[in-house]
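# Observations on chain architecture
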Amino acid sequence: VAEGVSAVDLFLDYLVKNTDHAIVGTDLTFTPAQVELMAKALSRPGMLDHIDTVDFRGSALGAESIVRFMKVLVARCDEERQEGVGRNQIKHLLLRETNAQPEGCLPLASYLQHSHCQLVELNLSKNGLGDRGMEAIAGALAVNKTVRHLYLGNNGIDKSGCVAVSAALMTN
């Protein structure tokens, strides 16, 4: 690594220049400016066409960054719907220990509800989502027909969150 260049900067440079099958930012810490750069890179045409895995486990993105990232995915799905195509290939969204908090759940729920969402696996473990976050996710899961593997452990969920998720899964 060159002097003054962080591993995260190298990752973002790679992300901008390459479309691979996975975006892996496991155990990295991102600044808001880096997340903004990543969001801009991902919003470029064709950037998400071949990516099937987004893995930020342990990266401590935070709610604000999750919101930005999910807005890019929702916007991409909206474009696909308007164009009448379905290029979104993201099947695995791994956000364990990213500090998503309840605030990060609303845009994630919008993505899950989108007709162009193709997620099969969603890992939200250890994010402090609580009942409020679980209720947002539950509403989306009631609509989503693609998620088959769901990880929600260690989120401070009480009875209302468990009931909401259980009811959503029963209708799906």
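The text that follows walks through the structure, step by step, so that each part is easy to find.

About the cut-offs
- Residues numbered from 1 in each chain as written.
- Predicted model: local features only at pLDDT ≥ 70, side-chain atom pairs only at ≥ 80, totals over all residues.
- Heavy atoms only, no water.
- Helix = DSSP H or I, 4+ residues; strand = E, 2+ residues; numbered from the N terminus.
- Buried < 20%, exposed > 50% of the residue type's maximum accessible area, 1.4 Å probe, protein only.
- Contact = heavy atoms within 4.5 Å.
- Areas by Shrake-Rupley, 256 points an atom, 1.4 Å probe, with all protein chains shown as cover.
- Axes fitted to C-alpha atoms, helices over the stretch in contact; angles between N-to-C directions.
- Parallel < 35°, antiparallel > 145°, perpendicular 65-115°, else oblique.
- Left-handed = near helix turned anticlockwise from the far one by under 90°.
- Nonpolar A, V, L, I, M, F, W, Y, C, P; charged D, E, K, R; others polar.
- Expected span 1.5 Å × (residues − 1).
- Arc of directions from axis to C-beta.
- Salt bridge = Lys/Arg side-chain N within 4 Å of Asp/Glu carboxyl O.
- Core = buried A, V, L, I, M, F, W, Y, C linked by side-chain atoms within 4.5 Å.
- Disulfide = S-S within 2.5 Å.

Let us now look at the overall build of the protein. Of the regular secondary structure elements, the protein holds 6 helices and 5 strands. When the helices and strands of the protein are placed in sequence order, the string is α-β-α-β-α-β-α-β-α-β-α. Burial statistics for the protein: of 172 residues in total, 45% are counted as buried. Considering only contacts in the protein between residues 6 or more positions apart, those separated by 24 or more positions represent 84%. Split by element, the accessible area of the protein, about 8,300 Å² in all, is 53% carbon and sulfur.

Our next topic: unusual backbone geometry. Phi at asparagine 99 takes a positive value of approximately 60°, unusual for a residue other than glycine. For asparagine 99, the position within the fold is in the loop between strand E3 (92-94) and helix H4 (105-113). Residue class for asparagine 99 comes out partly exposed when judged on its relative accessible area of 39%.

We now examine the packing of helix H3 (residues 63-83) against H4. Where H3 contacts H4, the two axes come as close as 8 Å, and the packing angle between them is 20°. Taken together, the axis directions place H3 and H4 in an arrangement best described as roughly parallel. Note that H3 runs across H4; the crossing there is left-handed. Where H3 approaches H4, its residues Val67, Met70, Leu73, Val74 and Cys77 are matched on the opposing element by Pro107, Leu108, Ser110 and Tyr111. For the contact of H3 with H4, the residue count by class is 8 nonpolar, 1 polar and no charged.

For helix H6 (residues 159-171), spanning 13 residues, the distance from its first C-alpha to its last is 18 Å, which sits close to the expected 18 Å at 1.5 Å a residue. All of the buried residues along H6 are Gly161, Val165 and Ala168. Buried positions in H6, seen along its axis, are confined to an arc of 60° and lie on one side of it. Residues Lys159, Met170 and Thr171 are exposed on H6 and point more than 90 degrees away from its buried face. Packing partners of the buried residues in H6 comprise helix H5 (130-141).

Let us now look at the pattern of salt bridges. Under the definition given, this model contains 7 salt bridges. A salt bridge links arginine 76 to glutamate 79, with the shortest nitrogen-to-oxygen separation between them at 3.3 Å. With arginine 76 and glutamate 79 both in helix H3, this residue pair falls 3 residues apart, about one helical turn. With a closest N to O distance of 3.9 Å, glutamate 80 and arginine 76 form a salt bridge. Taken as a pair, glutamate 80 and arginine 76 lie in helix H3 at a separation of 4 residues, close to a single helical turn. This pair shows no difference in class: glutamate 80 is buried, exactly as arginine 76 is. One continuous salt-bridge network, built from bridges that share partners, spans Arg76, Glu79 and Glu80.

Glancing now at the nonpolar core. Most often, soluble globular proteins have nonpolar side chains that are buried together. If you look at the biggest cluster of nonpolar residues, it comprises 43 residues, and the most contacted ones within it are Phe56, Leu93, Tyr111, Leu112 and Leu119. Of all the secondary-structure elements, those providing two or more residues to this core are helix H2 (32-42), H3, H4, H5 and H6. Setting aside residues up to four positions removed in sequence, tyrosine 111 forms contacts with Met70, Leu73, Val74, Cys77, Asn88, Ile90, Cys117 and Leu119.

Here we take up the state of the cysteines. Tallying each qualifying case throughout the model produces 0 disulfides. Take cysteine 117: it sits in no disulfide, and the sulfur closest to it among the cysteines is that of cysteine 77, at 6.4 Å.

Okay, the environment of serine 110 next. Position of serine 110 among the secondary structure elements: in helix H4. Overall, serine 110 belongs to the partly exposed group, its relative accessible area being 38%. Considering only alpha carbons, one finds serine 110 and methionine 70, 40 residues apart in sequence, at a separation of 8.3 Å.

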